[in-house]
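Below, each chain spelled out in residue letters.
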Amino acid sequence: MPRGRHDRYIRPVAQFRLQGSRVLAVDMAGDSVKARNGSMVAYTGQMNFKKLTGGGDGLRGMVARRLTGEQMTVMEAKGQGTCYFADQATEVNLVRLNGEALYVEADNLLCTEATLHTGTSFTGLNGMASGNGLFTTKVEGTGWAALTSNGPAIILRVTQGTPLRVDPGAYVAHTGNLSRHLKSGAGWTTLIGEGGGEAMQVEFTGEGLVYVQPSEKATFGGDV
Amino acid sequence: MSYPPQQPYGQSPYGQQPPHPQQPYSAQQYQQSYQPTQPGIPMPPMPPAPPTAPTPQPGGNGPVVYDAHSLPVNDNVNPYAFSVDLNGPYYLQKGKMIAYYGDIRFSGIGRGAIDRLLEQNFNSPLHAADWVVAEGRGRLLLADRAFDLNSYDLENGNLTVRSGNLLAFEPTLALKQSIIPGFLTLIGTGKFVAASNGPVHFVEPPIRVDPQALVGWADCPAPCHHYDHSYLHGVIGGIRHLTGLGGASGEEHQFEFIGAGQVLLQSSEKLMAERSVGQVDAEEGVPGGGVPQQPGHGGQQLPNIPGLGNLGDLGRRFGL
């Protein structure tokens, strides 16, 4: 470990690893992580769990979450040892952030390192029409985040010229400089029950990565 | 990104697969797991990739990222998602698309422009309403509630599958309603994608299978019910059957398959929600055609009241 002037700022960093594909193990040495409330399944060593009000974003975040409906109950796990997190046997995906932002549905965010900042972000009317809500959770900073997905998430790259269209129910998260637009394939045939079954699609353009899960949440657009 | 892709998630869900470090979807392994016994029977699903990719660790290589070109061509991305290299029309069940690259249009079946195409692939307009045509060019990702997906190749063959399990098929195949209610039959040459709860196993008849584990069958001429009636023999057995005293194992009823072919089984007894296969005309002699059943021989048949025992069957049971 390098020693120097900034030594006192070097703090132990929680180590994220997967225990199997459905359990997240975090090795901690006195530091803390933010995790979804009640997602701890086991721990070794000394751990303290504290519920954070308003998604752990402070007072302003609390108000924002109340207003936006992007509800997230978060706890802080702090201590020494290994803590195991899981959520209803869904697959856990680790995402490394290096300063960029990760946009994720609150339902799919399992755990974040304490160095990451979480907040809410406005997705526009697109989100509402696709049944995902008007707002999404934004995770920023440097560190590890763990996402859950129903079935292992597939990571798809979006570049200029190759836009990606995603079923809103299969969307989990995205990173990078992407803009999302709602594409509607609905026409008059949808109204008479002869629709294409994929009436709502979210189009991602720009540069970035999109995480999709091999299953579909029940959304408004899912079965039209 | 290279093909075959590494698994972006932790370990393979099928830990018993032998490690196969170089080519997860190698032809060799494919051959080992399956020896065709006759032409025209379906190819088994691809074996899932063994655990080659290490868990993405801090400081490691990280998970695999796919783009429009590195997605597999008509193959599984992982056991739960299937990538179709679309070039032309393709039929899929409503709501099974999770993502796509390229220019693809989804239209409900029953519209004028594709009516002619429809004729070759569907026989009943009612069940055609559950299907969607994807047209265009691009890569299409299919998935169904994180169930295992497999693709099957039919070569001038036929395969009957539970209606809820069929996901997508090439237009070179014709989809027909099976005589057996709740099942669909695919006839012809081409590829289709079906879901199952857990990996699919291929077994050869003669075999008796649990009704909930059955996914489908190919070429078998005689699928029939089978009941273990030995536990009903004698007076004690009769009382047991009528009153439920003494219990039953729950496995007295099976499906029996006789004849040449293959039977597809899933590795769990959890069923997928059934899709409507379309109505059949109310015609005499058509199973499930809405024609009232023949009264039991000996004339009047009492309604079966659960809990009281099947008193209505009593006469038939004792040959009266």
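Residues numbered from 1 in each chain as written. Chains lettered and ligands numbered in written order. Predicted model: local features only at pLDDT ≥ 70, side-chain atom pairs only at ≥ 80, totals over all residues. Heavy atoms only, no water.

> Sorry, what's going on with the overall build of chain A here?
Check the secondary structure of chain A and you find 3 helices and 12 strands. Among the 224 residues that make up chain A, the fraction classed as buried is 54%. Partitioning the intrachain contacts of chain A with sequence separation of at least 6 by distance along the chain shows that 79% fall at a separation of at least 24. Per element, the accessible surface of chain A, about 10,000 Å² overall, is 52% carbon and sulfur. (Helix = DSSP H or I, 4+ residues; strand = E, 2+ residues; numbered from the N terminus. Buried < 20%, exposed > 50% of the residue type's maximum accessible area, 1.4 Å probe, protein only. Contact = heavy atoms within 4.5 Å. Areas by Shrake-Rupley, 256 points an atom, 1.4 Å probe, with all protein chains shown as cover.)

> For this particular structure, what's the right way to read the confidence of the model for chain B?
Caution applies to low-pLDDT regions: their predicted coordinates should not be interpreted in detail. Residue and element names in this part refer to chain B. When pLDDT is averaged along chain B, the result is 70, and 53% of the positions lie at 70 or above. Ranking the helices and strands of chain B by mean pLDDT puts strand β3 (residues 81–87) first, with 92, and helix α1 (residues 27–32) last, with 38. Overall, residues 1–60 carries pLDDT values under 50, and its contacts beyond four positions in sequence, including any with other chains, amount to 115 contacts. Note that residues 295–302 has pLDDT below 50 and, in this model, 7 contacts with residues that lie over four places away or in other chains. Taken over the whole predicted complex, pTM reads 0.74, whereas the ipTM for its chain interfaces reads 0.77. (pLDDT = per-residue confidence, 0-100.)

> Explain the pattern of salt bridges to me, please; I cannot follow it from the model alone.
Two side chains that carry opposite charge are able to pair once their charged atoms sit near each other. All names here are of chain A. Going through the model one piece at a time under the given rule, you end up with 11 salt bridges over all chains. Between E203 and R165 there is a salt bridge, and its shortest N-O distance comes to 3.2 Å. Of this pair, E203 sits in strand β12 (residues 200–212) while R165 sits in strand β10 (residues 164–166), and the two are 38 residues apart along the sequence. On the accessibility criterion, E203 (11% relative accessible area) is buried. (Salt bridge = Lys/Arg side-chain N within 4 Å of Asp/Glu carboxyl O.)

> Help me out: how do you make sense of the packing of aromatic side chains in this one?
For any two aromatic rings, the description comes down to two numbers: the centre-to-centre distance and the angle of the planes. All names here are of chain B. Taken as a whole and assessed by the stated rule, the structure comprises 9 aromatic pairs over all chains. Residues Y91 and F169 carry aromatic rings whose centres are separated by 5.1 Å and whose planes lie at 25° to one another, so their mutual orientation is stacked. Highlighted residues: Y91 in strand β4 (residues 90–93) and F169 in strand β8 (residues 166–169), separated in sequence by 78 residues. The buried category is assigned to Y91, whose relative accessible area is 1%. (Phe/Tyr/Trp six-rings, centres within 6.5 Å; stacked < 30°, edge-to-face > 60°.)

> Help me understand the nonpolar core in this model?
General note: in soluble globular proteins, nonpolar side chains tend to be found buried as a group. If you look at the biggest cluster of nonpolar residues, it comprises 25 residues, and the most contacted ones within it are I154, L156 and V210 of chain A. Taken together, the elements giving at least two residues each to this core come down to β5 (91–104), β9 (154–158), β10, β11 (171–184) and β12 of chain A together with β5 (97–108) and β6 (131–143) of chain B. With 4 residues, the single largest contributor to this core is β12 of chain A. Residues within four places of I154 of chain A in sequence aside, it is in contact with V210, Y211 and V212 of chain A together with Y66, V77, N78, A81, I98 and L141 of chain B. (Core = buried A, V, L, I, M, F, W, Y, C linked by side-chain atoms within 4.5 Å.)

> Just to check I follow, could you spell out the side chain of S196 of chain B for this structure?
Mapped onto the fold, S196 of chain B is located in strand β10 (residues 183–196). Among the polar contacts made by the side chain of S196 of chain B, one reaches the main-chain carbonyl oxygen of G198 of chain B at a distance of 2.7 Å. (Polar contact = N/O pair within 3.5 Å; in protein donor to acceptor, adjacent residues only side chain to side chain.)

> Could you clarify how one ought to interpret the confidence of the model for chain A in this entry?
All names here are of chain A. Predicted confidence across chain A gives a mean pLDDT of 78, with 70% of residues reaching 70 or more. Highest mean pLDDT in chain A belongs to β9 (94); lowest belongs to helix α3 (residues 188–191) (47). When the criterion is pLDDT under 50, residues 1–8 qualifies, and its contacts beyond four places in sequence or with other chains add up to 3 contacts. Every residue in residues 220–224 scores below 50 in pLDDT, and together they form 11 contacts with partners more than four places removed in sequence or on other chains.

> How should I be thinking about the pairing of strand β15 (residues 253–258) of chain B in this particular structure?
Strand residues, when the strand is regular, have side chains that alternate between the two faces of the sheet. All names here are of chain B. Across 3 bridges, the pairing between strand β12 (residues 207–209) and β15 is antiparallel. Within β15, the residue paired with I207 across the bridge is F257. Across 6 bridges, the pairing between strand β14 (residues 222–227) and β15 is antiparallel. Opposite Y227, over in β15, you have H253 as the bridge partner. (Pairing = 2+ DSSP bridges.)

> Just checking my understanding: could you explain the pairing of β9 of chain A for this structure?
For β9 of chain A, the tally of buried residues reaches 4 of 5 residues, placing the bulk of the element in the interior. Relative to β12 of chain A, β9 of chain A is paired through 5 bridges, and the arrangement is antiparallel. Across the sheet, the residue bridging to I154 of chain A is V212 of chain A, located in β12 of chain A. Where β9 of chain A meets strand β1 (residues 65–66) of chain B, 2 bridges bridge the pair, whose relative direction is parallel. Bridge pairing in β1 of chain B links I155 of chain A to V65 of chain B.

> Is there a simple way to explain unusual backbone geometry in this structure?
Keep in mind that most residues, glycine aside, have a negative phi and that most peptide bonds are trans. P206 of chain B follows P205 of chain B through a cis peptide bond whose omega is 0°. Within the secondary structure layout, P206 of chain B lies in the loop between β11 (200–203) and β12. One non-glycine residue, Q88 of chain A, lies in positive phi territory at about 45°. Within the secondary structure, Q88 of chain A is located in the loop between β4 (74–85) and β5. Exposure remark for Q88 of chain A: the relative accessible area of 74% places this residue in the exposed category. The phi torsion at A146 of chain B lies on the positive side, around 60°, for a residue other than glycine. Classification of A146 of chain B by relative accessible area gives buried; the value is 17%.

> Looking at this structure, I do not really get the environment of A114 of chain A. What am I missing?
All names here are of chain A. Here A114 lies in the loop between β6 (109–113) and β7 (117–122). Relative accessible area serves as the criterion here: at 32%, A114 is assigned to the partly exposed category. Sequence separation between A114 and D31 is 83 residues; the distance between their C-alpha atoms is 7.9 Å.

> Help me understand the environment of A89 of chain A, please; the structure alone is not making it clear to me.
Mapped onto the elements, A89 of chain A comes out in the loop between β4 and β5. Overall, the relative accessible area of 48% leaves A89 of chain A in the partly exposed class.

> Hey, could you run me through the sheet that holds β12 of chain B in this one?
Hydrogen bonds between backbone groups are what pair the strands of a sheet, and the pairing can be parallel or antiparallel. Residues and elements named next belong to chain B. An order of β12-β15-β14 is seen for the 3 strands of this open sheet, with the pairing classed as antiparallel. For this open sheet the edge positions go to β12 and β14, each flanked by a neighbour on one side alone. Pairs of neighbouring strands in the sheet enclose a mean axial angle of 30°, with direction left out of account. (Axes fitted to C-alpha atoms, helices over the stretch in contact; angles between N-to-C directions.)

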